[in-house]
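# Summary of the model geometry
Spelled out, the chains give:
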Amino acid sequence: MSDPVGTKGVTVDESAAEPDAAAEPDVADADADADADADGDADMTVRDAVSAPDADGRPRRTTRRFPLFTRDTARPEGGGRAAPGDAPAPARQWPILTVLAAVGLGLLLTALDVFRAGTILIGAALIAGAVMRWILPSVGMLAVRSRFTDMVTYGVLGVVIVLLALMAQPNPVLVIPFLDDTLHFTVR
């Protein structure tokens, strides 16, 4: 039988999915747990949904409250591999490698004195990262926080970089009079 919880040596009682069984502690369960502790039995039945191993590796009952001190972090949704596990490492992380390659090419263009095209490419790479984070179910290391936070962060930074590249002097492609007046008012 496969272990649905993911812990070794723990038997999970599937009747605990019922709300009545999980809501009320049972005296018989407490006696059974005490007998299992006294016998030193390695297999322990855990009826509540939240259990964590103690120092000896045996499951213990915990509350549903968040811990005072966080000992581990949860992987963000979509933070799994973007390709199967048997694929080579670069193929498993293709979304972030795509964004990083485009940013690297943009930085190279900027260093070669093609400023506007390089910075537009950097902004477009971030926007592409936001789109991939929205569309793809699993993006590997491109997932840093929640899907919404990543999309907003990548999207806003990408749009701002593209707008600033289009407004850069000399010969700006995009002229926004309000911003031009504000700049001249603050500099003078």
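Up top you'll find the structure we're talking about.
Let me begin by describing the structure that accompanies this report. As the structure is a computational prediction, the values presented were derived from the model and not from experiment. (Residues numbered from 1 in each chain as written. Predicted model: local features only at pLDDT ≥ 70, side-chain atom pairs only at ≥ 80, totals over all residues. Heavy atoms only, no water.)

### A look at the overall build of the protein chain
- When you go through the protein chain residue by residue, the secondary structure sums to 7 helices and 4 strands.
- Ordered by position in the sequence, the α and β elements of the protein chain form the string β-α-α-β-β-β-α-α-α-α-α.
- In the protein chain, the proportion of contacts linking residues at least 24 apart, taken out of those at least 6 apart, comes to 51%.
- Of the roughly 13500 Å² of accessible surface on the protein chain, a fraction of 64% belongs to carbon and sulfur atoms. (Helix = DSSP H or I, 4+ residues; strand = E, 2+ residues; numbered from the N terminus. Contact = heavy atoms within 4.5 Å. Areas by Shrake-Rupley, 256 points an atom, 1.4 Å probe, with all protein chains shown as cover.)

### Looking at the pattern of salt bridges
- Inspection of every chain in the model, using the stated rule, returns 1 salt bridge.
- Here D150 makes a salt bridge to R133, at a shortest N to O gap of 2.8 Å. Note that D150 is positioned in helix α6 (residues 147-167) and R133 in helix α5 (residues 115-135), a separation of 17 residues in sequence. Comparing D150 with R133 shows no difference in burial state: the two are buried. (Salt bridge = Lys/Arg side-chain N within 4 Å of Asp/Glu carboxyl O. Buried < 20%, exposed > 50% of the residue type's maximum accessible area, 1.4 Å probe, protein only.)

### Quick word on the packing of α5 against α6
- One can describe the packing of α5 onto α6 by two numbers: an axis separation of 8 Å at closest approach and a directional angle of 160°. Comparing their axes, α6 and α5 come out roughly antiparallel. With respect to the hand of their crossing, α5 and α6 are arranged in left-handed fashion.
- In the contact of α5 with α6, the residues fall into 16 nonpolar, 5 polar and 4 charged. (Axes fitted to C-alpha atoms, helices over the stretch in contact; angles between N-to-C directions. Parallel < 35°, antiparallel > 145°, perpendicular 65-115°, else oblique. Left-handed = near helix turned anticlockwise from the far one by under 90°. Nonpolar A, V, L, I, M, F, W, Y, C, P; charged D, E, K, R; others polar.)

### Some points on helix α4 (residues 94-111)
- Taking 1.5 Å per residue as the helical rise, α4 with its 18 residues ought to reach 26 Å, and the 25 Å between its terminal C-alpha atoms agrees with that figure.
- Listed in full, the buried residues belonging to α4 are P95, I96, V99, V103 and G106. Take α4 and look down its axis: the buried residues cluster within an arc of 95°, on one side only. Opposite the buried face of α4, at more than 90 degrees from it, the exposed residues are A101 and A111. (Expected span 1.5 Å × (residues − 1). Arc of directions from axis to C-beta.)

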